[in-house]
Amino acid sequence: MFSKCTVSWCDLPRYELTFGLNEILIETYPALNIALCALSKILTNDYLLTNFRAHFVPFYEYTGILPNNVPETIINQIRGAFTQSTIPSVILQQDELIITPVSCAAYGNYLGRKKESDINLIYLNKELVECSKASDHPNDVIKYGALILFTIIHELGHWSFHHFACNMDHDLAAPKGVLMEEAGEAIEFLLFGFRIQHYGPELPKFRIDEVVTKFNKSYRIIPSDYLKKLFQESTYTNVKDQLSLKISIKELRETIVLNEELMKFNLKRVFDPTDEPTLHVPTTGALIQSGKRIFDPRDKDY
């Protein structure tokens, strides 16, 4: 039986999945600790795992529609991919060594599509993890915990699609032609309903003032109450379908808009965590009508 999370207000069971990270290191960073506790719950929940189904259906079988009735063989494959012995290892990488196509705050990276030596490695920005200890206030730990949680999930999206769905040639980038979104962002939307970003000073660029997302052409502040739920055991006890962790469109509409003037004050900005070069639509495989987004099954307010 696993003991509880070592952060006092987080009542999740202690992490089962370490992603190859040293446990002394995990215990050193509370935000990393709670992120792994939440990941251990998400990646062992059959309902939540179904959000990965488009990342596992073989590319040549893809019809252009988000698969709803996935064979049990695929479900078992998903279950088998996210165990302590099969998940990729997470490496804390120096910020300047994180490879990005544009200047941004890259939270992490998956290079396995291009480097055989990295096929089972996920890079997590070391500076992000180190900045997470700048404050021990619960709200700050929650924000960093959410950013680390989303980042590892995001990179797992790339890893799983590359391994199980497409196995595309390394000169091709992410599977935009399949998911109508790059694979990492797709799984963020499928599980949580938004793509995570942060607002804060230019330097240090991983000092988080707010966790935000782009919605209806403006940046919205994700409520701390929503983020905190990701680290509470009752949240996972009450999971009833694959949408259970999503923030609803109604909730997003009601979130606080990040005032544009705030973004200009004292050299602060919203950081775009883009981690992909130009995306290429494959020339073979499923034909998908342009302009359609098929990665998010939610088409009404919940």
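Residues numbered from 1 in each chain as written. Predicted model: local features only at pLDDT ≥ 70, side-chain atom pairs only at ≥ 80, totals over all residues. Heavy atoms only, no water.

As named in an unreviewed UniProt entry, the protein is IrrE N-terminal-like domain-containing protein, taken from Rotaria magnacalcarata.

Quick look at the sheet that holds strand E3 (residues 121-125) now. Strand order across the open sheet formed by three strands is E1-E3-E2, with mixed pairing between neighbours. Either end of the sheet is taken by a strand with one partner, and the two such strands are strand E1 (89-93) and strand E2 (108-109). (Pairing = 2+ DSSP bridges. Helix = DSSP H or I, 4+ residues; strand = E, 2+ residues; numbered from the N terminus.)

On to the pattern of salt bridges. Using the criterion set out here, one finds twelve salt bridges in the structure. Of the charged contacts in the structure, one is a salt bridge between lysine 115 and aspartate 118, with a shortest N-O distance of 3.4 Å. Among the ionic pairs, arginine 195 bridges to glutamate 185, the shortest N-O distance being 2.9 Å. With arginine 195 in the loop between helix H9 (183-192) and strand E4 (197-201) and glutamate 185 in helix H9, this residue pair connects regions lying ten residues apart in the sequence. (Salt bridge = Lys/Arg side-chain N within 4 Å of Asp/Glu carboxyl O.)

Time to look at the environment of histidine 158. Along the chain, histidine 158 turns up in helix H7 (residues 138-166). Sequence spacing of histidine 158 and glutamate 182 is 24 residues, and the spatial spacing of their C-alpha atoms is 8.2 Å. Reaching out from histidine 158, the side chain makes a polar contact with the side chain of glutamate 182 at a distance of 3.4 Å. (Polar contact = N/O pair within 3.5 Å; in protein donor to acceptor, adjacent residues only side chain to side chain.)

So, about the packing of aromatic side chains. Using the criterion set out here, one finds nine aromatic pairs in the structure. Ring geometry for tryptophan 159 against phenylalanine 164: centres 5.7 Å apart, planes inclined by 80°, an arrangement best described as edge-to-face. Overall, phenylalanine 164 belongs to the partly exposed group, its relative accessible area being 24%. Each member of the aromatic cluster is reached from another via a ring pair, and the members are Phe52, Phe56, Phe82, Trp159 and Phe164. Just above the ring of tyrosine 29 sits the side chain of lysine 133; from NZ or CZ to the centre is 5.7 Å. Lysine 214 extends its terminal NZ or CZ atom over the ring of tyrosine 219, reaching a point 5.2 Å from the ring centre. (Phe/Tyr/Trp six-rings, centres within 6.5 Å; stacked < 30°, edge-to-face > 60°. Buried < 20%, exposed > 50% of the residue type's maximum accessible area, 1.4 Å probe, protein only. Lys NZ or Arg CZ within 6 Å of the ring centre and 35° of its normal.)

With that out of the way, let us pick up the sheet that holds strand E8 (residues 268-271). Read across the sheet, five strands follow the order E7-E6-E5-E4-E8 without closing on themselves; strand pairing throughout is antiparallel. Edge strands, defined here as strands with exactly one partner in the open sheet, are strand E7 (256-257) and E8.

Bringing the nonpolar core into the picture now. Ranked by internal contacts, the top residues of the largest apolar core, which has 76 residues, are Phe19, Ile42, Leu43, Phe52, Phe82, Leu149 and Phe192. Sort the elements by how many residues they give to this core and H7 lands first, with twelve residues. (Core = buried A, V, L, I, M, F, W, Y, C linked by side-chain atoms within 4.5 Å.)

This part covers the side chain of histidine 198. Mapped onto the secondary structure, histidine 198 falls in strand E4. Looking at histidine 198, its side chain comes within polar contact range of the main-chain oxygen of lysine 205, at 2.7 Å. Apart from residues lying up to four places away in sequence, histidine 198 is in contact with Ala105, Tyr107, Leu147, Lys205, Phe206, Arg207, Ile208, Glu210, Val212, Arg269, Val270 and Phe271. (Contact = heavy atoms within 4.5 Å.)

Another aspect to go through is helix H5 (residues 72-81). Among all positions of H5, only Ile74, Ile75, Ile78 and Ala81 are buried. Seen end-on, H5 carries its buried residues on one side only, within an arc spanning 125°. The inward-facing, buried residues of H5 abut helix H3 (46-49), helix H4 (53-56) and H7. (Arc of directions from axis to C-beta.)

A separate point is the environment of leucine 111. Position of leucine 111 among the secondary structure elements: in the loop between E2 and E3. Put simply, leucine 111 and isoleucine 122 are eleven residues apart on the chain and 7.7 Å apart in space, counted from C-alpha to C-alpha. What leucine 111 contacts, discounting residues up to four positions off in sequence, is Ile99, Asp118 and Tyr123.

Moving on: unusual backbone geometry. With an omega of -10°, the peptide bond between leucine 203 and proline 204 qualifies as cis. Positionally, proline 204 belongs in the loop between E4 and strand E5 (210-215). One non-glycine residue, asparagine 216, lies in positive phi territory at about 50°. Topologically, asparagine 216 is positioned in the loop between E5 and strand E6 (218-221). You can call asparagine 216 exposed: its relative accessible area is 53%. Its identity is not glycine, yet lysine 217 carries a phi of approximately 65°, on the positive side.

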